[in-house]
Amino acid sequence: MISTKLAILTILQYILSFTGAWFWEQTSKRFLSVRPGIFPYAARLFFFSIGMTGPMWIGDENLLFFFPMFLFLFLQCYQGTRSARISVGITFYLLLAGLGMIVDSTYNLLPNNTWNLSDTLSICFKLGTAVFVFFLAQKLNPRKHALELPGRLWGLCILLSLAPLFTILSFSVWNGFGRNQMDISQYRIAYTILPFVLLSALAILAAMILLSKQQELEQISRLSSMRETYYENLKRGERQKIKPFSFGHGQTGECLCCE
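The following refers to the structure shown. (Residues numbered from 1 in each chain as written. Predicted model: local features only at pLDDT ≥ 70, side-chain atom pairs only at ≥ 80, totals over all residues. Heavy atoms only, no water.)

1. Points about empty space enclosed by the protein
1) Next: Counted according to the given criterion, the structure contains two cavities of 30 Å³ or more.
2) Next: Volume-wise, the largest cavity comes out at about 60 Å³.
3) Next: Lining of the largest cavity is provided by Phe 31, Val 133, Leu 136, Ala 137, Leu 140, Leu 202, Leu 205, Ala 206 and Ile 209.
4) Next: Contributions of two or more residues to the lining of the largest cavity are made by helix H5 (115–140) and helix H7 (184–258).
5) Next: Grouping the amino acids of the lining of the largest cavity by side-chain chemistry returns nine nonpolar, no polar and no charged.
6) Next: Of the voids in this model, the second largest cavity is the one considered here, and its volume is about 40 Å³.
7) Next: Taken together, Asn 141, Arg 143, His 145, Leu 147, Ile 209, Ser 212, Lys 213 and Glu 216 make up the lining of the second largest cavity.
8) Next: In the lining of the second largest cavity, the residues fall into two nonpolar, three polar and three charged. (1 Å grid on protein atoms, 1.4 Å probe; cavity = no way out; pocket = protein on both sides within 12 Å on 5 of 7 lines; lining within 4 Å. Points joined across faces, edges and corners; volume = space filled by probe spheres on them. Helix = DSSP H or I, 4+ residues; strand = E, 2+ residues; numbered from the N terminus. Nonpolar A, V, L, I, M, F, W, Y, C, P; charged D, E, K, R; others polar.)

Pasting the structure below:
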């Protein structure tokens, strides 16, 4: 009976994790173009599913190894400039890692918890967050296409993401968080800082979309200005052609009258 419940929970975890991975993958398409093919698509789902199911406790060293792997995913399975892929990859890592540290550590600290049940609840919470971020990105960027920003703005987004990135990695570097009374203050620090890391990541994603829209508006304005200048030059050229013709015609009429 117990083994049956564990099997059901395990199957449910796989279903929920790949559903959440699909939502994260669809959200990423509103920021970057994806590489076509079944293997890049499978790799994206696999790494996002790791972010859904992988243990990411506060002070866990897995986050140090997960970061370069996750960044490699964005560099190899997405298209665009390198700075764009690095910037979006870091921001998505902040969301997945920061959320995992809060949720997994919370359920891990619960007394007398069953691992499978706590892990299932953790994945459910992560799935809800993935759905929320998906609809948020859909509202901010209704058109499903990659963002277009100059390199300097992508570099600015990378700089803005470094502070929350080092904040998350610092908890893994200074690992050794336990469940004794000596580490309660460290957990308090983590639970105070990590929500602001998540808010910073969401703000960076929103800034990317807004900056891209601003770039599109500026480009449309430049094209409109060039179009107006072009038509003005055409009208000016037509007037210059008509004036000599009218002058010559009037002069011929005067000559005929004199005769």
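Having put the structure on the table, let's press on.
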